[in-house]
Amino acid sequence: KHLLNARKSAQTVRDGASPIGLKISYEPLAALRLDPQNARTHSASQLARLRKSLSAFGFITPIIADASGKIASGHARWIAARDLGLAQVPVIRVGT
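Here is a short report on the structure shown in this document. (Residues numbered from 1 in each chain as written. Predicted model: local features only at pLDDT ≥ 70, side-chain atom pairs only at ≥ 80, totals over all residues. Heavy atoms only, no water.)

1. Some thoughts on the environment of Phe-59
Along the polypeptide, Phe-59 turns up in the loop between α2 (44-57) and β2 (63-66). Among all residues touching Phe-59, those that are not within four sequence positions of it are Leu-54, Arg-77, Ala-81, Leu-86, Val-89 and Pro-90. (Helix = DSSP H or I, 4+ residues; strand = E, 2+ residues; numbered from the N terminus. Contact = heavy atoms within 4.5 Å.)

Right, dumping it as structure tokens:
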């Protein structure tokens with residue numbers, strides 16, 4: 001039974017769904033807010049490189065936000081997306 005569940009989970013991952021139920025949705029930037037207690041800072045050159053990467057490759061890593069829209073991970077990606085004028089970004093909501 002455990003082997004069958006492991007195979008099913010592996011197939012689910014190959015099919016693009018997560019076995020733990022993570023869901024990526026595209027949401028407007030306005031639905032998210034920066035956490036004022038975020039300890040990380042990003043230099044202008046880091047943000048410029050991130051904007052260049054987003055322009056070339058798009059989002060590879062979604063922004064992580066809680067149910068209220070407070071960003072837990074991805075502050076720099078949010079800033080770069082705003083600077084690029086993107087309307088929506090990929091988001092994984094946690095704690096919902």
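2. Quick look at the sheet that holds strand β4 (residues 88-94)
A sheet is described by the order of its strands in space; here 4 strands give the open sequence β1-β4-β2-β3, paired in mixed fashion. Of all the strands in the sheet, the pair left with one neighbour each is β1 (24-28) and β3 (71-73). The sheet shows a mean angle of 50° between the axes of neighbouring strands, taken without regard to direction. Of the strand pairs in this sheet, β1 and β4 are connected by 5 bridges, and their pairing is antiparallel. When the bridges of β4 are listed, Ser-25 appears paired with Val-91. Against the sheet, helix α3 (residues 75-84) makes contact with β2, β3 and β4, and its axis sits at roughly 115° relative to β3, the strand it touches most. (Pairing = 2+ DSSP bridges. Axes fitted to C-alpha atoms, helices over the stretch in contact; angles between N-to-C directions.)

3. A closer look at the pairing of β2
Alternating positions in β2 separate cleanly, Ile-63 and Ala-65 being buried on one face and Ile-64 and Asp-66 remaining unburied on the opposite face. With 4 bridges connecting them, β2 and β4 associate as parallel partners. Looking at the pairing, Ile-64 lines up with Ile-92 of β4. Pairing of β2 with β3 involves 2 bridges; the strand directions are antiparallel. Counterpart to Ala-65 in the pairing with β3 is Ile-71. (Buried < 20%, exposed > 50% of the residue type's maximum accessible area, 1.4 Å probe, protein only.)

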